[in-house]
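# Examination of the molecular architecture
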Amino acid sequence: LGSPRLRELNLRKTSVSGDIRDIGERDFLALEVLTLPKGVYGGSGREFQLISDVPDVMNTLYWFRKQRPCLWLKDWYGELSEDSPDWYDGFDGEDIFDPDRIPFEIRLVAAGSRIGYRWESRDDHPSEAIWLYPEPDLDSIYDSDYEEYIEELEEIERQVVYRGFQQP
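The structure presented is a predicted model; accordingly, all values stated were derived computationally and were not measured.

What counts as what
- Residues numbered from 1 in each chain as written.
- Predicted model: local features only at pLDDT ≥ 70, side-chain atom pairs only at ≥ 80, totals over all residues.
- Heavy atoms only, no water.
- Pairing = 2+ DSSP bridges.
- Helix = DSSP H or I, 4+ residues; strand = E, 2+ residues; numbered from the N terminus.
- Contact = heavy atoms within 4.5 Å.
- Axes fitted to C-alpha atoms, helices over the stretch in contact; angles between N-to-C directions.
- Phe/Tyr/Trp six-rings, centres within 6.5 Å; stacked < 30°, edge-to-face > 60°.
- Buried < 20%, exposed > 50% of the residue type's maximum accessible area, 1.4 Å probe, protein only.
- Lys NZ or Arg CZ within 6 Å of the ring centre and 35° of its normal.
- Salt bridge = Lys/Arg side-chain N within 4 Å of Asp/Glu carboxyl O.
- Patch = residues over 30% accessible without salt bridge, like charges linked within 9 Å, V, L, I, M, F, W, Y side chains within 5 Å.
- Areas by Shrake-Rupley, 256 points an atom, 1.4 Å probe, with all protein chains shown as cover.
- Lys, Arg positive; Asp, Glu negative; His and termini not counted.
- Charge placed at Lys NZ, Arg CZ, Asp CG, Glu CD.

Let us look at the sheet that holds strand E5 (residues 46-48). Spatial strand order, E5-E6-E7-E8-E9: 5 strands in an open sheet with mixed pairing. Across the chains shown, the open sheet's two edge strands, defined by having one partner strand only, are E5 and strand E9 (130-131). Relative to strand E6 (residues 77-80), E5 runs parallel, the two being bridged by 3 bridges. Residue Glu47 lies in a different strand from E6, and its bridge partner there is Glu79. Of the strands in this sheet, E5, strand E7 (105-111) and strand E8 (114-120) touch helix H1 (residues 54-67), which is tilted by about 150 degrees from E8.

This is the structure we're talking about:
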């Protein structure tokens, strides 16, 4: 079992490899901040070969966090590999798009207890969020919690540049 009192674990600048799914449900229950390197399945900075690989990792991160409600995956991000067959620079061989404006990075988002992710460009132009959990029921939470959720949701939606798109 992981340390029951450990609150922060930062392995970002290490050569650790592995799989976040190998951490047991009862390991590191007091963990509040976790930073894993890209060599770990579920680690920050992970490069994805396919857009279709992203939902599995994001669902894994969601369930990992659901088991540890105080946990936030500090500064987590992923990105589409430039070697990916899903990568594109423009149309017809022309660089029509500034590559920093194409949403090939993935970031976690949260509105209240609701967790999701979205694709963003390198210069912070996000697409719409893909939510991993349904919207909270107004009757199931305190009014102030629901108001906070709505405020955070509106802020996330206000930032969207690529409206109508949830992936590149």
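Our next topic: the packing of aromatic side chains. Counting across every chain of the model gives 4 aromatic pairs. A centroid spacing of 4.1 Å and a plane angle of 35 degrees characterise the contact between Trp87 and Phe104, whose relative ring orientation is tilted. Placement of Trp87 in the loop between E6 and E7 and of Phe104 in the loop between E6 and E7 is noted, with a sequence separation of 17 residues between them. Looking at Phe104, the relative accessible area reads 3%, which means it is buried. Grouped by ring-pair contacts, the aromatic residues Tyr62, Trp63 and Tyr133 constitute a single cluster. For the cation-ring pair, Arg68 lies above Phe64, with the distance from its terminal atom to the ring centre recorded as 3.9 Å.

Attention now moves to the pattern of salt bridges. Here the structure, examined in full by the defined rule, presents 8 salt bridges. The closest approach of N and O atoms between Glu32 and Arg7, which form a salt bridge, is 3.6 Å. Taken as a pair, Glu32 in the loop between strand E2 (18-19) and strand E3 (33-35) and Arg7 in the segment before strand E1 (8-10) lie far apart in primary sequence, 25 residues in all. For Glu32, a relative accessible area of 36% gives the class partly exposed. Here Glu120 ties to Arg118 by a salt bridge, and the two come within 2.9 Å at their closest N and O atoms. Residue Glu120 shares its accessibility class with Arg118, and that shared class is buried.

Turning our attention to a negative patch on the surface. A surface patch of like charges, here negative, comprises Glu135, Asp145, Glu147, Glu148, Glu151, Glu154 and Glu157. Relative to the helices and strands, Glu157 resides in helix H2 (residues 143-158).

Now for the environment of Lys74. Structurally, Lys74 is set in the loop between H1 and E6. Relative accessible area serves as the criterion here: at 40%, Lys74 is assigned to the partly exposed category. Sequence separation of Lys74 and Ser44 is 30 residues, and the distance between their C-alpha atoms is 8.7 Å. In this view, Lys74 contacts Arg12, Val33, Leu34 and Thr35; residues no more than four positions away in its chain are not counted.

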